[in-house]
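# Fold and geometry: a report
Chain by chain, the residues:
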Amino acid sequence: MDTSAMNGNPPNGRRTPGGRWYNAVWRWHFYAGLFCIPFIIWLSLTGTIYLWRPQLEALLDRPYDRLPVAGRTVSPDAQVGAALGAVPGSSLHKYILPEHPGNAVRVIVSADGVDHRVHVDPRSLAVLRVIGEEDRPLNVVSRLHGELLAGAWGSYLVEIAACWAIVMLLTGVYLWGPRNRKGLAGVFYPRLRGGRRLFWRDIHATAGIWVSVFALGLILTGLPWANAWGSYLGEVRTLTGATQGPVDWTISGKAPTPKTDAMLDPHAGHDGMVMATPKIRPGELARVIATVRPLRIAPPVLLSPPEHDGAPWAVSSDAADRPLRSDAQVDGATGRLVGRVAFADRHWIDRVIGYGIAVHEGALFGIANQILGTLTALLLVVLAVSGGVMWWRRRPTGLLGAPVPSARPRYRPALVAAIVGLGIYMPLFGLTLLIVTIVERVLLRRLPRARLWLGLESPALRTT
């Protein structure tokens, strides 16, 4: 039985300079890793699927994008009418501009606050498919990835895991740095002839070294979607006067409220639901399409009806590569372009987040971005699995196997500053750290069995 987890020795089996400092970091790494393992595996797998969304959606929509092109295309008003007829009691939410002549027209209609995507043949007006927006396969994957299909609470849980994964990665880089080690073996590539224990340790170490920078980028660029951090960012934008310009990301699956983003989404209500739309006059949609086509807005292009009489139509790009997106407004009565906002016109904070989200979704630099994201996710799975195997093999029978804390742990100013900085940048990390610390000191240390199982004291002290 390996007792290194019981006596507080470092994972490489040697005591190091500043052992109490090292021991404190190691305990953080242990607990953060143990908590994050299932989340890392889940988020990596669902995230990898979502990275390939363009290819998967093209495959799923293939039957609707190879329609016969013979015959005359009927008017957009008639296409919308067919879509509305397929969902009784619905109103037009968005018309998606077809990219090619053989594409079915996608019309998003809303009934009782629920959006439905209707595929309509633009020539025969046959309704080819009706599906709820939330039921589209890749949207389900997105909710599995971002909120575990559990709404706001799932988003909070994923965000907590992401925050502690950052702690796990940072502490892991410190722990596995080449301390007095000769050569690059065990740091940049694993040693395969040293037995199972050395094999799993090196696999864990080398995977962590290679993936850390990319994984940190992947996690940080995903935080704007999270419930707490995204709302936190909204408040920062308000305080810094950075609320002008449209924002195109969601927070916990919902569009940010107009309180912080006045120009966010001209066709959305205060809770992200579609507001009642006025009666659309015949020919308006056709005039809007005629104006929008020459603008060469990055597809898919969404056309949303006016929010009230006299208001312009909202035109927005839903391109996966967010820096290509732009928004426009068109007067439906005259076809006049009322205004246009390009990505470069947005506040620098929104541009930075837009670039980050595009990288996170694998869209910024094409297939290479998708491959890099997939490799990062797979290495994170290797990191999580190898860490779990190491813990399971090393843990003492009947105990959690956590490193025993030093009698007088040393918290250097750099560590304290790092903790405070992370707590400010990631409020949920600071809050959960505070809760865990209070529970440990006030409750768990008073329970002998829990204290022993959690590694808050050494079994050797219990037997003396």
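Up top is the structure.
Thresholds, definitions, all that
- Residues numbered from 1 in each chain as written.
- Predicted model: local features only at pLDDT ≥ 70, side-chain atom pairs only at ≥ 80, totals over all residues.
- Heavy atoms only, no water.
- Helix = DSSP H or I, 4+ residues; strand = E, 2+ residues; numbered from the N terminus.
- Buried < 20%, exposed > 50% of the residue type's maximum accessible area, 1.4 Å probe, protein only.
- Contact = heavy atoms within 4.5 Å.
- Areas by Shrake-Rupley, 256 points an atom, 1.4 Å probe, with all protein chains shown as cover.
- Disulfide = S-S within 2.5 Å.
- Phe/Tyr/Trp six-rings, centres within 6.5 Å; stacked < 30°, edge-to-face > 60°.
- Salt bridge = Lys/Arg side-chain N within 4 Å of Asp/Glu carboxyl O.
- Pairing = 2+ DSSP bridges.
- Axes fitted to C-alpha atoms, helices over the stretch in contact; angles between N-to-C directions.

### Description of the overall build of the chain
Along the chain, the regular secondary structure elements total 15 helices and 8 strands. With 464 residues in all, the chain has 49% of them scored as buried. In the chain, the share of contacts with a sequence separation of at least 24, taken over all contacts with a separation of at least 6, comes to 62%. In the form shown here, the chain has an accessible surface area of approximately 23,100 Å², with 65% of it arising from carbon and sulfur atoms.

### Structural notes on the state of the cysteines
Under the definition given, this model contains 0 disulfides. Its sulfur unpaired, cysteine 36 is 9.3 Å from the next cysteine sulfur, which belongs to cysteine 163. Exposure remark for cysteine 163: the relative accessible area of 0% places this residue in the buried category.

### Structural notes on the side chain of arginine 136
By the secondary structure assignment, arginine 136 is in the loop between β4 (127-132) and α5 (137-147). Setting aside anything within four residues of it in sequence, one finds arginine 136 in contact with Arg53, Glu57, Arg117 and Ile131.

### Quick word on the packing of aromatic side chains
Applying the stated criterion across every chain, the model contains 10 aromatic pairs. With 4.9 Å between their ring centres and 65° between their planes, tryptophan 164 and phenylalanine 429 make a pair best called edge-to-face. Pair noted here: tryptophan 164 is in helix α6 (residues 151-175) and phenylalanine 429 is in helix α13 (residues 427-442), with a separation of 265 residues, a long-range link. Taken as a pair, tryptophan 164 and phenylalanine 429 share a single burial class, namely buried. Here the aromatic residues Trp28, Trp164 and Phe429 are joined through ring pairs into a cluster of three or more.

### Let's talk about the environment of glycine 362
Assignment of secondary structure puts glycine 362 in the loop between α10 (348-360) and α11 (366-394). You can call glycine 362 buried: its relative accessible area is 5%. Distance from glycine 362 to alanine 320, taken between C-alpha atoms, is 8.5 Å for residues 42 residues apart in sequence.

### What about the pattern of salt bridges?
Scanning all chains against the criterion turns up 13 salt bridges. Here arginine 53 and glutamate 57 are joined by a salt bridge, their closest N and O atoms 2.9 Å apart. One end of the pair is arginine 53 and the other is glutamate 57, both in helix α3 (residues 53-60) and 4 residues apart, which spans about a single turn. With relative accessibility at 18%, the residue glutamate 57 sits in the buried group. Aspartate 65 serves as the salt-bridge partner of arginine 106, at 2.7 Å between the closest nitrogen and oxygen. With arginine 106 in strand β2 (residues 105-111) and aspartate 65 in the loop between α3 and α4 (76-86), the pair connects residues that are 41 residues apart, well separated along the chain.

### Examining unusual backbone geometry
Between proline 299 and proline 300 the backbone carries a cis peptide bond, its omega angle lying at -5°. Relative to the helices and strands, proline 300 resides in the loop between α9 (284-292) and β5 (301-304). Phi is positive for leucine 125, close to 65°, though the residue is something other than glycine. Structurally, the position occupied by leucine 125 is in the loop between β3 (114-120) and β4.

### Remarks on the sheet that holds β5
Ordered by their spatial adjacency, 8 strands build an open sheet running β4-β3-β2-β1-β5-β6-β7-β8, and the pairing between neighbours is antiparallel. Among the strands making up the open sheet, the edge pair consists of β4 and β8 (337-342). Pairs of neighbouring strands in the sheet enclose a mean axial angle of 20°, with direction left out of account. By the bridge criterion, 5 bridges tie strand β7 (residues 326-330) to β8 in an arrangement that is antiparallel. Paired with serine 326 across the two strands is alanine 342, which belongs to β8. Here α4 sits on the sheet and contacts β1 (91-96), β2, β3 and β4; the angle it forms with β1, its principal contact strand, is near 125°.

Such coordinate-based values are descriptive only and should not be taken to indicate function.
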